[in-house]
Amino acid sequence: MAISERMKRKPKETPVAADFGAAGAPIDRGHPFYFGFVATIGALSAFVLMRALASASGVFVLILVALFLATGLNPAVEAIRRRGLSRAGAVAVIFVAVIAFVGLFAALIVPPIISQGTNLIESAPSLLESLKNNATIANLNDQYGIIDTLQKKLSSVTSDGTLLITAFGGVIGVGKSVLSGTFTALTILVLTLYFITSLPQATELGLKLVPASRRPRVAALTEAIISRVGAFVGSQILVSFFAAIFMTVLALILGLPSPVAIGIIIFICGLVPLIGHFIGASVYTVIALTQSITIGVAAFIGYVVYVQVENYILTPKIMKRTLNVPGAVTIIAALLGTSLLGLVGGLLAVPVAASIILILEEVVYPRAEKS
């Protein structure tokens, strides 16, 4: 019964596809409208990409600084690792040493900075008043009122104890400065830890993109470039150490307070390319001025003389010996890097110049000789 009923049912009709007509001719890519549309989309995409990169420029700067520090600390990690420790253990030793140095720096520097700053603020009116004893300065003050203007300004900002808050743009400015500096330091510290731990794996991963026939030579060049960055960091530390020793001895001769703390300040400032000694000279002179104007002038002159010796004798010799970079190239590279990328450019300029010279000597010049 069920079979006969199925046989009586009509078969399902196949749906007929709708006729939408024949496909038209493809779009003419040479048509002005098509070209203008694609060009506009490309320009908008490039603009959005550039805005995105500009918005994230601060992050890229932190990454570059952390990568530079990781590459610079790598020779020390390798030296410890050759003594039998694992890479993780060597990295731990280096970071414990760095954190210990930061703690020692804070313990030795913060109290003298507070005490000397307070002393300078308290003695500033008498220092300005004593300048009037000089006949030339007194004559200039009578004509232009320079000392009187400084005294009035100093009196207005210190009378209610708002000098520190005013210098940082108010209470909110102080909080922003502290939080921003702390976050930046922690970010660089964490990124440096990751980079220095995974530096061999990252290098090996990058070399896999190179053709197998050229991989050994590229690997050797990469190792040489990493060693030159490490040599630059070591050279900068050595130069800063010499500056700290000289300024500590000069502080002892001049009778400045806390000479060891002053030496640590100069050591930290010496690590900053180009502008580091400007900061160090300012701090050094301000501390010396708390004793007397004569000592302040002597400290400033001594600092300027040492900087000239360091820039034209000490630094070129050390950089040429460790990085094989001529002294003129060192100075020019630092100036160009600072003008292009600011402080980060000055930090990266010399090792980048050393790497370019290495590539020229090992790749470009031999090809030029064979051609």
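Residues numbered from 1 in each chain as written. Predicted model: local features only at pLDDT ≥ 70, side-chain atom pairs only at ≥ 80, totals over all residues. Heavy atoms only, no water.

K.L.:
Please set out the overall build of the chain residue by residue, giving values where relevant.
P.N.:
Each helix and strand in the chain was counted, giving 14 helices and 0 strands. Moving toward the C terminus, one meets the helices and strands of the chain in the order α-α-α-α-α-α-α-α-α-α-α-α-α-α. A buried classification covers 29% of the 371 residues belonging to the chain. Expressed as a percentage of contacts within the chain between residues at least 6 apart in sequence, the contacts between residues at least 24 apart total 65%. (Helix = DSSP H or I, 4+ residues; strand = E, 2+ residues; numbered from the N terminus. Buried < 20%, exposed > 50% of the residue type's maximum accessible area, 1.4 Å probe, protein only. Contact = heavy atoms within 4.5 Å.)

K.L.:
Could you give an account of the confidence of the model for the chain, with specific residues and numbers?
P.N.:
Residues of the chain with pLDDT of at least 70 account for 78%, and the chain-wide mean is 77. When pLDDT is averaged over each helix and strand of the chain, the minimum, 50, is found for helix 7 (residues 163-167) and the maximum, 85, for helix 10 (residues 215-254). (pLDDT = per-residue confidence, 0-100.)

K.L.:
Tell me about helix 3 (residues 57-81), and name the residues and values.
P.N.:
The α-helix advances 3.6 residues per turn, and as a result positions three or four apart in sequence lie on the same side. The terminal C-alpha atoms of helix 3, which comprises 25 residues, lie 35 Å apart, in line with the 36 Å expected from a rise of 1.5 Å per residue. Along its length, helix 3 shows its largest kink, about 35°, at Asn-74, and proline Pro-75 lies within four residues downstream of that point. Of all the positions in helix 3, only Leu-62, Val-65, Ala-66, Phe-68, Ala-70, Thr-71, Gly-72, Asn-74, Val-77 and Glu-78 are classed as buried. (Expected span 1.5 Å × (residues − 1). Bend = angle between axes of the 7 residues up to and from the residue.)

K.L.:
Residue-level account of a nonpolar patch on the surface, with values.
P.N.:
Residues Val-297, Phe-300, Ile-301, Val-304, Val-305, Val-309, Tyr-312, Ile-313, Ile-331 and Leu-335 make up a contiguous nonpolar surface patch of roughly 900 Å² in combined accessible area. Of all elements in the fold, only helix 13 (293-323) and helix 14 (327-370) reach the threshold of two or more residues within the nonpolar patch. Looking at the nonpolar patch element by element, the count peaks at 8 residues for helix 13. The residue Ile-313 is located in helix 13 in this model. (Patch = residues over 30% accessible without salt bridge, like charges linked within 9 Å, V, L, I, M, F, W, Y side chains within 5 Å. Areas by Shrake-Rupley, 256 points an atom, 1.4 Å probe, with all protein chains shown as cover. Salt bridge = Lys/Arg side-chain N within 4 Å of Asp/Glu carboxyl O.)

K.L.:
An account of the packing of helix 10 against helix 11 (residues 259-270) is requested, with residue identities and associated values reported.
P.N.:
A packed helix pair is summarised by two numbers, namely the angle formed by the two axes and the spacing between the axes. Helix 11 packs onto helix 10 with a crossing angle of 150° between their chain directions and a minimal axis gap of 8 Å. It follows that helix 10 is roughly antiparallel to helix 11 by the angle criterion. The two elements helix 10 and helix 11 meet at a crossing, and its hand is right-handed. Along the contact surface, helix 10 presents Gln-236, Ile-237, Ser-240, Phe-241, Ala-243, Ala-244, Met-247, Thr-248, Ala-251 and Leu-252, while helix 11 presents Pro-259, Ile-262, Gly-263, Ile-266, Phe-267 and Gly-270. Of the residues assigned to the contact of helix 10 with helix 11, the class counts are 11 nonpolar, 5 polar and no charged. (Axes fitted to C-alpha atoms, helices over the stretch in contact; angles between N-to-C directions. Parallel < 35°, antiparallel > 145°, perpendicular 65-115°, else oblique. Left-handed = near helix turned anticlockwise from the far one by under 90°. Nonpolar A, V, L, I, M, F, W, Y, C, P; charged D, E, K, R; others polar.)

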